[in-house]
Amino acid sequence: MHDATSARPSPTTTSPNDDIHALVERVLRTNWREGVHRDGTPYAYTCPATPRYRHQWHWDSCFHAIAWCRYDVARAREELRTVLRGGRSDGFIPHTVFWHNHPRWRRAPFYATQRVRGNRHTTTIGPPLLPFAWERVAAAGDDEPGFATEALHALEAHLDWLERERDVDGDGLITVLLPDESGIDDSPKYDPVYGPYAHYKPGYFRIVSRYGRLGWSAHEVAAAGHDMHVEDVWVNVAYALSLRAMARLADDEAYARRAARVESALLERSLDPATGLFFDLAGRDERPVRVSTWSALSPLMLSAIPEEVRRRLVEEHVLNPARYGAAFGIPSVAMDEPSFKPGFDVWRTWRGPSWMNVTWLLLGPLRELGYADAASRIAGGMVDAVRRGGLREYYHPGSGEGLAARGFAMSALVADMTD
Ligand code: GLC
């Protein structure tokens with residue numbers, strides 16, 4: 001059955017994908033929220049999906065803004081400005097901001113706020129995609145040429161905050177304290193690290209309160225001898241992409257050198273020669289976490305990673321029908337992992353289904369490396385899935401069935417798959 005946001009070709013359709021664009025624009029417009037927070041801060045952003053996800057998420061908003069560029073670039077700019085406004089002047093940008101609705105006390109520990117009530121945002125970070133998205137949005141419209149450089153100070157402060165506060169051992173790679181901070185909260189790659197403290201396990205609340213007592217400081221967490229923290233491959237890929245974008249936006253080579261440090265560290269320390277995958281490094285001993293999830297493929301996005309390493313990721317993993325070569329999208333977990341679970345589970349996410357943002361992120365590098373046919377096939381599969389089921393939170397990689405939240409705004413990225 002179609003949901004309210006499913007695409008139906010209209011009689012005035014002039015191009016084969018007009019139905020998809022109409023659907024995407026409708027969801028973006030329906031989910032748009034603007035107003036003024038009670039502390040006087042104005043906001044304007046796309047909420048991911050109602051009723052479950054009413055707040056502003058850093059990485060969702062970066063993807064929403066990229067999707068908005070086709071329909072209303074002024075809204076794309078406003079959404080990114082709101083991400084910045086949600087942060088602090090020291091450069092901290094939260095994972096989630098509660099602009100117009102507050103998390104109820106029962107949800108508060110999930111959101112990792114400083115107190116149970118009265119917070120405007122979480123004390124956790126999200127994948128740092130803001131400078132990456134800023135550069136794309138700036139390039140999408142020439143009606144506000146000042147946009148590209150209007151926030152350089154704030155974006156620099158953000159990247160400096162990450163280096164100062166999250167690269168605790170100074171090796172170039174930043175650390176996440178909670179799985180939630182990567183955006184892929186319930187991924188099975190965190191199971192061996194967090195065990196009974198993983199997302200949706202009862203211990204999760206204990207780790208939230210323990211790290212809360214340490215002020216959510218990665219330095220304090222390390223000094224206290226805790227082992228539940230990760231140098232996360234995907235988060236560091238996002239960080240490197242943003243450092244590269246910053247080098248161009250600010251015309252400052254220092255950011256390119258910082259990006260190169262992150263990229264070399266990934267190559268030297270996260271790349272597993274046996275499989276060609278990039279694994280997270282967990283705890284004080286930096287133990288590699290050998291679970292194959294899309295995060296292990298994400299260095300494909302970094303053009304500074306040697307071509308043979310990237311080709312190996314594509315040929316042995318992304319396009320391998322036993323691993324990630326599914327009929328619909330690029331699964332969030334390799335199909336040959338014991339933890340792979342492609343269907344819907346009300347409590348669990350990121351354990352197998354294909355997400356639109358992941359597929360979108362990996363399609364660019366596939367094309368760049370010359371796998372154009374495969375990229376078109378994957379893009380076409382996601383367009384079909386949307387035509388059947390609308391914009392959903394994620395899709396079954398085998399059947400293409402749309403699953404979980406409806407009218408899910410990150411899936412608006414499908415618009416880029418129609419070209
Ligand atoms: C879920 C997803 C996360 C997303 C959030 C808001 O928690 O796991 O990736 O950012 O919803 O859409």
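Bear in mind the structure is a predicted one, so any value in this text is a computation, not a measurement. (Residues numbered from 1 in each chain as written. Predicted model: local features only at pLDDT ≥ 70, side-chain atom pairs only at ≥ 80, totals over all residues. Heavy atoms only, no water.)

What to know about helix α12 (residues 253-270)
Since there are 3.6 residues in each turn of an α-helix, residues three or four apart along the chain are aligned in direction. Taking 1.5 Å as the rise per residue, α12 with 18 residues should run 26 Å; its terminal C-alpha atoms sit 25 Å apart, in good agreement. Turning to α12, its buried residues number three or more, namely Y255, A256, R258, A259, V262, E263, A265, L266 and S270. Those residues of α12 that are buried are in contact with α7 (152-166), α11 (233-249) and β6 (281-282). Here α12 starts with a cap whose side-chain oxygen sits 2.9 Å from the backbone nitrogen of A254, and that cap is D252. (Helix = DSSP H or I, 4+ residues; strand = E, 2+ residues; numbered from the N terminus. Expected span 1.5 Å × (residues − 1). Buried < 20%, exposed > 50% of the residue type's maximum accessible area, 1.4 Å probe, protein only. Contact = heavy atoms within 4.5 Å. Polar contact = N/O pair within 3.5 Å; in protein donor to acceptor, adjacent residues only side chain to side chain.)

Notes on unusual backbone geometry
The omega torsion of the bond from T50 to P51 falls at -5°, within 30 degrees of zero and hence cis. Position of P51 relative to the elements: it lies in the loop between β2 (42-46) and β3 (56-57). Although it is not a glycine, W216 adopts a positive phi angle of roughly 55°. Inspection of the secondary structure assignment puts W216 in the loop between α9 (204-213) and α10 (218-223). With relative accessibility at 5%, the residue W216 sits in the buried group. Located in the positive-phi region is E286, a residue other than glycine, with phi close to 55°. If you trace the backbone, E286 turns up in the loop between β6 and β7 (287-288).

Digging into the pairing of strand β1 (residues 32-36)
Direction of pairing for β1 relative to β2: antiparallel, over a ladder of five bridges. Along β2, the bridge assignment pairs W32 with T46. What sits between the antiparallel neighbours β1 and β2 is a turn of five residues, in which G40 has the positive phi angle 95°. (Pairing = 2+ DSSP bridges.)

Considering the pattern of salt bridges
Overall, the coordinates contain 34 salt bridges when judged by the stated rule. Here E135 makes a salt bridge to R248, at a shortest N to O gap of 2.6 Å. Of the two residues, E135 sits in helix α5 (residues 130-140) while R248 sits in helix α11, which places them 113 residues apart along the sequence. The class of E135 is partly exposed, set by a relative accessible area of 21%. On the accessibility criterion, R248 (51% relative accessible area) is exposed. R351 is the partner of D186 in a salt bridge, and the nearest nitrogen-oxygen pair spans 3.5 Å. Placement of D186 in the loop between α7 and α8 (191-194) and of R351 in the loop between α13 (307-318) and α14 (356-368) is noted, with a sequence separation of 165 residues between them. For the pair D186 and R351, a shared accessibility class is recorded, and that class is buried. A single salt-bridge network, built from bridges that share partners, covers R77, E78, R81, R85, D143, E144 and E150. (Salt bridge = Lys/Arg side-chain N within 4 Å of Asp/Glu carboxyl O.)

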